[in-house]
Amino acid sequence: MKYSIEDQTLALAGVFQAARLVQQIARQGQAPGAHMESSLETLFKFDSENVLDVFGGIAGVSLGLKTLQIQLSGNAEQQDLEVTRYAISLLHLEKKLRKHPDLVQRIANGLKTAQNQMDYFSLTHENVFASLAGLYQDTVSTLLPRIIVQGEQHLLSQQANANKIRALLLAGIRSAFLWQQTGGNKLRFLLNRKKYLHAAGQLLARL
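Bear in mind that the values here come from a model prediction, so they are computed numbers and not experimental data.

Enquirer: Any details on the nonpolar core? Residues and values, ideally.
Expert: With 61 residues, the main nonpolar core has Leu 132 and Leu 170 as its most contacted residues. It is helix α1 (residues 5–28) that contributes the most residues to this core, 11 residues altogether. For Leu 132, the residues in contact, after removing those within four places along its chain, are Leu 40, Leu 43, Phe 44, Leu 111, Ala 114, Ala 167 and Leu 170.

As structure tokens, then:
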């Protein structure tokens, strides 16, 4: 299947959305529920027909598109280096993860288990967050270098917040995989920054 710049932009926005949500929980102890649900839902979109369906529409990745716009704008006062660091780390870890098919299979199996929990409870139930967080720890966290999340220590020390952060990092890995699947890579990111910026604006204009 041939993927477009729009597809790559959506996937990249998914990575940046997860990164932004992780930052918000780590520094504020909360994040917009609708955006969190949209990011987490991508983990269970196993058979989506296209990239947009993975996010449930443009609105599902709108925070990521806005974040991507800011990060690619070239405005140093608005750019957030912490969010960019998280996003780049997710892209790097996904690339490493692809070299470990055993871990990829464990994630796939773990997501099916989490889906059963989600069907019984709800997507944002603490049991589902704990399951996804445990899956992240058992797989992605075994790869180096690990993502070090900065924030308020009293927030990071709360197990509920730690679980949410790890679950969102797993969602970020999902979008990073989608980015690679659509043809995204480091060189393309450097060469097509203006195209991604333009595509993000066009997608947001459709909301």
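Text resumes after the structure shown.
Enquirer: Outline the pattern of salt bridges, supporting the account with residue identities and numerical values.
Expert: What the rule picks out here adds up to 4 salt bridges. For Glu 6, the salt bridge goes to Arg 206, with nearest N and O atoms at 2.9 Å. Separated by 200 residues along the polypeptide, Glu 6 in helix α1 and Arg 206 in the segment after α11 (193–205) bring together distant segments of the chain. Given the relative accessible area of 30%, Glu 6 is considered partly exposed.

Enquirer: Residues and numbers for the side chain of Gln 17, please.
Expert: Along the chain, the position of Gln 17 falls in helix α1. A distance of 3.5 Å separates a polar side-chain atom of Gln 17 from the backbone oxygen of His 35.

Enquirer: I'd like to hear about the packing of aromatic side chains, residue by residue, with values.
Expert: One pass over the full model with this rule turns up 3 aromatic pairs. Aromatic pair Trp 179 and Tyr 196: ring centres 5.7 Å apart, planes at 65°, arrangement edge-to-face. Of the two residues, Trp 179 is situated in helix α9 (residues 159–181) and Tyr 196 in helix α11; the sequence distance between them amounts to 17 residues. Judged by its relative accessible area of 5%, Trp 179 is buried. Relative accessible area serves as the criterion here: at 0%, Tyr 196 is assigned to the buried category. Ring geometry for Phe 189 and Tyr 196: centres 6.4 Å apart, planes at 20°, overall stacked. We note that Phe 189, like Tyr 196, is buried.

About the thresholds
- Numbers given to residues run from 1 along each chain, matching the order in which its sequence is written.
- Predicted model: local features are reported for residues with pLDDT of at least 70 only, side-chain atom pairs are reported and counted for 80 or more only, and whole-chain, interface and lining totals are derived from all residues.
- To get the side-chain values, take all heavy atoms of the structure and skip hydrogens and water.
- Put simply, buried Ala, Val, Leu, Ile, Met, Phe, Trp, Tyr and Cys residues joined by side-chain atoms within 4.5 Å make one nonpolar core.
- When a residue's accessible area, from a 1.4 Å probe over protein chains only, is under 20% of the maximum for its type it is buried; when over 50% it is exposed; and in between it is partly exposed.
- Numbering goes from the N terminus for both helices and strands, where a helix is a DSSP run of H or I of at least four residues and a strand is a run of E of at least two.
- Contacts were defined at the residue level, with two residues in contact if any of their heavy atoms lie within 4.5 Å.
- Criterion for a salt bridge: a side-chain nitrogen of Lys or Arg within 4 Å of a carboxyl oxygen of Asp or Glu.
- Counting of polar contacts relies on pairs of N or O atoms within 3.5 Å, with two restrictions inside protein: one atom must be capable of donating a hydrogen and the other of accepting it, and residues adjacent in sequence are counted only when both atoms are side-chain atoms.
- Two rings from Phe, Tyr or Trp (for Trp, the six-membered ring) form a pair when their centres are within 6.5 Å of each other. A pair whose planes differ by under 30 degrees is stacked, one over 60 is edge-to-face, and the rest are tilted.

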